[in-house]
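Next come the chains, spelled out residue by residue.
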Protein chains: 2
Amino acid sequence: MAETPLIHHELPVADQADTARRFMLSAATEHSSVTPAAELADWLARRTVAGRARISRIPFAEATGWAFDVRSGNLAHASGRFFSVEGISVRTDRQWISSWIQPIIVQAEIGILGILVKEFDGVLHCLMQTKMEPGNVNTVQLSPTVQATRSNYLGVHRGKHVDYLDYFTGARGGRVLVDVLQSEQGAWFLHKRNRNMVVETEEDVPVGDDYRWLTFGQIKQLLQRDNVVNMDSRTVISCVPAVGFEAPDGDGTFAGSLLQSLAGNTSALHSGSDILSWLTEIRATRDLVQRRIPLNDTVQGGWYRDDVQIAHESGRYFKVVAVSVEASSREVSGWRQPLVEPNNPGLTAFLTKRVNGVLHVLMQARVDAGSLNGAELAPTVHCQPDNYAHYPERYRPSYLDYVLTVDPRRIRYDVMQSEEGGRFLHAQNRNVVIDVGDDIPVEAPYGYRWMTLNQLGVLLMHSNYLNVEARSLLACMRTLW
Amino acid sequence: MAETPLIHHELPVADQADTARRFMLSAATEHSSVTPAAELADWLARRTVAGRARISRIPFAEATGWAFDVRSGNLAHASGRFFSVEGISVRTDRQWISSWIQPIIVQAEIGILGILVKEFDGVLHCLMQTKMEPGNVNTVQLSPTVQATRSNYLGVHRGKHVDYLDYFTGARGGRVLVDVLQSEQGAWFLHKRNRNMVVETEEDVPVGDDYRWLTFGQIKQLLQRDNVVNMDSRTVISCVPAVGFEAPDGDGTFAGSLLQSLAGNTSALHSGSDILSWLTEIRATRDLVQRRIPLNDTVQGGWYRDDVQIAHESGRYFKVVAVSVEASSREVSGWRQPLVEPNNPGLTAFLTKRVNGVLHVLMQARVDAGSLNGAELAPTVHCQPDNYAHYPERYRPSYLDYVLTVDPRRIRYDVMQSEEGGRFLHAQNRNVVIDVGDDIPVEAPYGYRWMTLNQLGVLLMHSNYLNVEARSLLACMRTLW
């Protein structure tokens, strides 16, 4: 067969339980000797100013390098690189809309989202980056050490060298703590996945001004603020194992039951096998038939294109637009590109409930237009509420009205977080965690199931079980103790 | 959201370790009081005669109900049911052929392959069926209790009731022992998966003449014979958990090291995390770009169609043909359908090696034209050897020449097994297990990795890790102690 390996890292891989223990220690460390709180605040403020960019909406005709294909109408870059916007026709078993047509981003490559970690004074620190992305709310957000496309890391095309990439391709030594493919936004991406990695080094690492070493505890604090920690950081953090971690005895508090939930699953409502069987049945019986179509043909679904946007005649859902970026701190000094812009903010909410002293999260099995593997586990509520304003009550997402009207004292987390700013323009979700108490019974409808954080952690060792919105919320939940 | 569940089984799910122990006991039981050996032999002989059918090749024009689409040339049934034969264009990173075009079977539905089990005298018995499929070598083979398409089990179309189906859809009580989606032949099927299930009942079950209760030990014996146990049975059997099973101390024999390998992985060469990281890297870096094309366009890849076949101009690979079936023991008394016919038999081989007293299997990460999730784990050697006869040595599959010339005393298993006879005409693989001793070193090329049977068992709890040919060989390996 004699295949040529493209990357051949063969780095040693750490024990999951050991990694879990070390990350719990880092999460409990809110003060770092490497990057003290004052310096962190100063650095973030400074980099936010330095990274500022002028983002202007432009007509598609001015998006240099990008063009609509004459026959299909697909929007693509002349080089064949980056991504394209095409059409998809979807048929599934949702009762309220069982088939529809929409534009979708096609980007077959698997990129790397990688956080480099190193121990200082016995505590793991993450090398985090301030990165400008044109679609970000606030423009600059805290990002993983590396966000690289496949073309980047295989060196296929010219383009600036990606700092620290060698730690993730095995060109340098190191130890793998996390390494798993995970899905991205299924509503807007076709089958898109990235490789989520955490690699530990013991080497001396030169740290550029865009980078700082932060403990998990410091990142936890930043996750309490709107639109500071980017989606790529959140998804990598969510994949850090909790398996094998030993928690103190429960103390009856929300935080105590959360630790119990992370640590073990002996008191879980459903066994792991039971959860897998339930998801298998849903994947087997809930149809998802995807057919790629030319972008031109999305007109049959009510989508139209003018000089500055591709949009839906109802005014709902999302638009495809083009922007011009004038920046200073990026590989190239400026560029133009299309972005997907949701028409209104999203809401992702976890309903959580203490059962036998262990916090359980109500997960939803959800199919999206671009799902690779059928249903994935999504937040209890995951939607753009405004899209449902005109629906009769029985077609509104389950639990949506509960979340919108819940007693504020039940809300444990309520922060706006952005989706990937390299593809989405000002795409924000309100991330909410609710401690439902006795408001919501333990009996759940068929497409929903209560799970512990430990059970979710086990599933996160594999691809395509938790969708990106669920992973984002999980990263946020880890701040709540 | 108010989705309507299509099936709502919510059957209880058994503990994996308990299931493993009970199946090991059944595997050790070669004599059944329910179906004694003499009756089993008599029944198989009788059913083979009764199930005989006349299978004749016919021109496509005589395949009633099937037609080539005027524009695309796709071969489909007028009802839109069953499956279609379309085209696919594939680009990947194999060195010897990096892109090609071929016909492929498209069947988006997920079917059920289910074995019903029940305890008799404290030993689990499987309700196995003698089933005629037109493409089977020997026509009649031992099949799972149920092989049902989605249309069957949702009752979407008319058609005879599928016996025992209610046990798998939750319409009757029972307990789920195995429930997982697994892939089918990636070389010929696009993204095809079936739901592999084992369900236990305690009810009295009426047993038709096509069915008998067999122990795992009895099925083991039948797996030693050519073309008796069909592919659907083998894949379900391979998914029965070995996790948590406790083996006796190793005794230095092949069988003893196999039991150690099934039982635990403390002495595994690579940790589970290491194996997942290795596979993640291969999936991320080994490209697989699939583009569906009209069957007519496969002419660009050297495929032609005449009245009786779609074939490749080289005479290699496979053909699509049509057959007429005249049978008595099936839902309908006769029918006509297309089948895929490989031009020559396949070879699937596991190289196995005892390391620290524990048997390890050399798995290959392999991408096929129709893979859903990038590379899956395949047998060490998995090919149609005749397709490579004209290749220079460096492009021949790794280890192929070793398997073809190995000292026969190293061969532990060597049996011909058929692929699914409802889609493939006389598709056979030589299934081989070799105890390599010191012939092959423990160092393996990049795309290969030694794993224990226990590690493979853990991966089999999830979808799309082991391909169907690897699962078939695993089922066969379970006979070797």
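Residues numbered from 1 in each chain as written. Chains lettered and ligands numbered in written order. Predicted model: local features only at pLDDT ≥ 70, side-chain atom pairs only at ≥ 80, totals over all residues. Heavy atoms only, no water.

Draft legend 1. Summary view of the overall build of chain A. When helices and strands are counted, chain A shows 11 helices and 25 strands. Taking 481 residues into account, the globule formula puts the C-alpha radius of gyration at 23 Å, and chain A, at 22 Å, falls close to it. In terms of principal-axis extent, the alpha carbons of chain A reach across some 65 × 55 × 55 Å. Buried positions account for 63% of the 481 residues belonging to chain A. A separation of at least 24 residues holds for 74% of the contacts in chain A among residues at least 6 apart in sequence. (Helix = DSSP H or I, 4+ residues; strand = E, 2+ residues; numbered from the N terminus. Rg over C-alpha atoms; globule rule 2.2 N^0.38 Å. Buried < 20%, exposed > 50% of the residue type's maximum accessible area, 1.4 Å probe, protein only. Contact = heavy atoms within 4.5 Å.)

Draft legend 2. Layout of the domain arrangement of chain A. All names here are of chain A. Here the domain parsing of chain A yields domain 1 (16–53 + 108–238) and domain 2 (254–288 + 344–480). Between the C-alpha centres of domain 1 and domain 2 the distance comes to 24 Å. Counting from both sides, the interface comprises 37 residues of domain 1 and, opposite them, 41 residues of domain 2. Counting across the domain 1 and domain 2 interface gives one salt bridge. Here E419 and R234 are joined by a salt bridge, their closest N and O atoms 3.9 Å apart. For the pair domain 1 and domain 2, the number of links is 24 residue pairs in polar contact (both at pLDDT 80 or more). (Domains from an automatic or database assignment. Salt bridge = Lys/Arg side-chain N within 4 Å of Asp/Glu carboxyl O. Polar contact = N/O pair within 3.5 Å; in protein donor to acceptor, adjacent residues only side chain to side chain.)

Draft legend 3. Seen up close, the pairing of strand β13 (residues 211–215) of chain A. Residue and element names in this part refer to chain A. Most of β13 sits inside the fold, with five of its five residues counted as buried. Side chains Y211, W213 and T215 project from β13 onto one buried face, and the interleaved R212 and L214 project onto a second face that is buried too. Relative to β13, strand β7 (residues 123–132) runs antiparallel, the two being bridged by five bridges. By the bridge assignment, H125 is partnered in β13 with T215. (Pairing = 2+ DSSP bridges.)

Draft legend 4. Structural detail: helix α7 (residues 254–263) of chain B. Most of α7(B) sits out of view: eight of its 10 residues are buried. Among the residues of α7(B), F254(B), G256(B), S257(B), L258(B), L259(B), S261(B), L262(B) and A263(B) are the ones counted as buried.

Draft legend 5. Summary view of the side chain of R234(B). Residues and elements named next belong to chain B. Among the secondary structure elements, R234 is positioned in helix α6 (residues 231–238). Since its relative accessible area comes to 0%, R234 is described here as buried. Apart from residues lying up to four places away in sequence, R234 is in contact with L223, V229, Q417, S418, E419, R471, S472, A475 and C476.

Draft legend 6. Seen up close, unusual backbone geometry. All names here are of chain B. The phi angle at T139 is positive, at roughly 65 degrees, despite the residue not being glycine. As for its position among the elements, T139 is in the loop between β7 (123–132) and β8 (140–143). What makes T139 buried here is its relative accessible area of 15%. Phi is positive for N227, which is not a glycine, with a value near 55 degrees. Note on placement: N227 falls in the loop between α5 (216–222) and α6.

Draft legend 7. The packing of aromatic side chains, seen in detail. Residue and element names in this part refer to chain B. Under the counting rule described, the total for this entry stands at 24 aromatic pairs over all chains. The interplanar angle of 50 degrees and the centroid separation of 4.9 Å between the aromatic rings of W188 and F424 together place this pair among those described as tilted. With W188 in the loop between β10 (175–183) and β11 (189–190) and F424 in the loop between β23 (411–418) and β24 (428–435), this pair connects stretches of sequence that are 236 residues apart. One exposure class covers both W188 and F424, and it is buried. Ring centres 6.4 Å apart and planes at 40 degrees place the aromatic pair W303 and Y317 in the tilted group. (Phe/Tyr/Trp six-rings, centres within 6.5 Å; stacked < 30°, edge-to-face > 60°.)

Draft legend 8. View of the state of the cysteines. All names here are of chain B. Under the counting rule described, the total for this entry stands at zero disulfides over all chains. C126 forms no disulfide, and the closest cysteine sulfur to it belongs to C239, at a distance of 13 Å. C126 sits in the buried class, given a relative accessible area of 1%. Here C476 is not cross-linked by a disulfide; its sulfur's nearest cysteine counterpart is in C239, at 14 Å. When its relative accessible area of 0% is taken as the criterion, C476 is described as buried. (Disulfide = S-S within 2.5 Å.)

Draft legend 9. Broad picture of the pattern of salt bridges. Evaluated as defined, the whole model comprises 53 salt bridges over all chains. Between E326(A) and R54(A) there is a salt bridge whose closest N-O contact spans 3.8 Å. Taken together, the residues span a long stretch of sequence, with E326(A) in strand β17 (residues 318–326) and R54(A) in strand β1 (residues 54–58) at a distance of 272 residues. Given the relative accessible area of 56%, R54(A) is considered exposed. Here D439(B) makes a salt bridge to R410(B), at a shortest N to O gap of 2.8 Å. Separated by 29 residues along the polypeptide, D439(B) in the loop between β24 and β25 (448–452) and R410(B) in the loop between α9 (400–405) and β23 bring together distant segments of the chain. The structure contains a network of salt bridges with shared partners spanning E39(A), D42(A), R46(A), R47(A), D209(A), D210(A) and R212(A).

Draft legend 10. Highlighting the packing of helix α6 (residues 231–238) of chain A against helix α11 (residues 468–477) of chain A. Residue and element names in this part refer to chain A. It is the contact of α6 with α11, at a shortest axis distance of 8 Å, that shows an interaxial angle of 75 degrees. Here α11 runs roughly perpendicular to α6, going by the angle between their axes. Packed against α6, whose contacting residues are M231, R234, T235, I237 and S238, the element α11 presents V468, R471, S472, L474, A475 and C476 at the interface. Looking at side-chain class alone, the contact of α6 with α11 contains six nonpolar, three polar and two charged residues. (Axes fitted to C-alpha atoms, helices over the stretch in contact; angles between N-to-C directions. Parallel < 35°, antiparallel > 145°, perpendicular 65-115°, else oblique. Nonpolar A, V, L, I, M, F, W, Y, C, P; charged D, E, K, R; others polar.)

Draft legend 11. A look at the nonpolar core. Judged by nonpolar contacts, the single largest core of 73 residues is most densely connected at F23(B), M363(B), L377(B), L466(B) and M477(B). With six residues, the top contributor of residues to this core is helix α11 (residues 468–477) of chain B. Both of domain 1 (16–53 + 108–238) and domain 2 (254–288 + 344–480) of chain B provide at least three residues apiece to this core. Counting residues in hydrophobic clusters, the runner-up holds 65 residues, among them V178(A), V198(A), W278(A) and M451(A). (Core = buried A, V, L, I, M, F, W, Y, C linked by side-chain atoms within 4.5 Å.)

Draft legend 12. Highlighting the pairing of strand β20 (residues 358–366) of chain B. Residues and elements named next belong to chain B. For β20, the tally of buried residues reaches nine of nine residues, placing the bulk of the element in the interior. Of the two faces of β20, both are covered, the one formed by V358, H360, L362, Q364 and R366 as well as the one formed by L359, V361, M363 and A365. Relative to β20, strand β19 (residues 346–355) runs antiparallel, the two sharing four bridges. Residue R354 lies in a different strand from β20, and its bridge partner there is L359. The antiparallel pairing of β19 with β20 creates a hairpin that spans two residues between the two strands, and N356 there sits at a positive phi of about 55 degrees. Bridging between β20 and strand β21 (residues 376–378) involves three bridges; their strand directions are antiparallel. Considered in β21, the bridge of R366 is made with E376.

Draft legend 13. Main features of the environment of V436(B). Residue and element names in this part refer to chain B. Examined against the element boundaries, V436 turns out to sit in the loop between β24 and β25. Overall, V436 belongs to the buried group, its relative accessible area being 0%. Taking the C-alpha atoms as reference, V436 lies 21 Å from E393; in sequence the two are 43 residues apart. In this view, V436 contacts L351, T352, K353, Y402, R410 and W450; residues no more than four positions away in its chain are not counted.

Draft legend 14. Just the environment of L40(B), in detail. Residues and elements named next belong to chain B. As for its placement among the helices and strands, L40 is situated in helix α2 (residues 37–50). Residue classification places L40 among the buried positions, given a relative accessible area of 8%. Expressed as a C-alpha distance, the spacing of L40 and R212, which sit 172 residues apart in the sequence, is 8.0 Å. The contact partners of L40, leaving out residues within four places of it in the chain, are T35, L214, Q218 and L222.

Draft legend 15. Spatial organisation of the confidence of the model for chain A. Residues and elements named next belong to chain A. Confidence in the prediction for chain A averages 91 pLDDT; 94% of positions are at 70 or higher. Scored below 50 in pLDDT, residues 1–6 makes 21 contacts in the model with residues more than four places away or belonging to other chains. On the interface metric, ipTM, the complex scores 0.93, and its pTM is 0.94. (pLDDT = per-residue confidence, 0-100.)

Draft legend 16. Just the environment of N431(B), in detail. Residue and element names in this part refer to chain B. If you trace the backbone, N431 turns up in strand β24. Note: C-alpha distance between N431 and G346 (85 residues apart in sequence) is 8.7 Å. Not counting chain neighbours up to four residues away, the residues in contact with N431 comprise T348, Y413, D414, V415, Q417, S472, L473 and C476. Within the local environment of N431, its side chain forms a polar contact with the side chain of S472, the two groups lying 3.2 Å apart.

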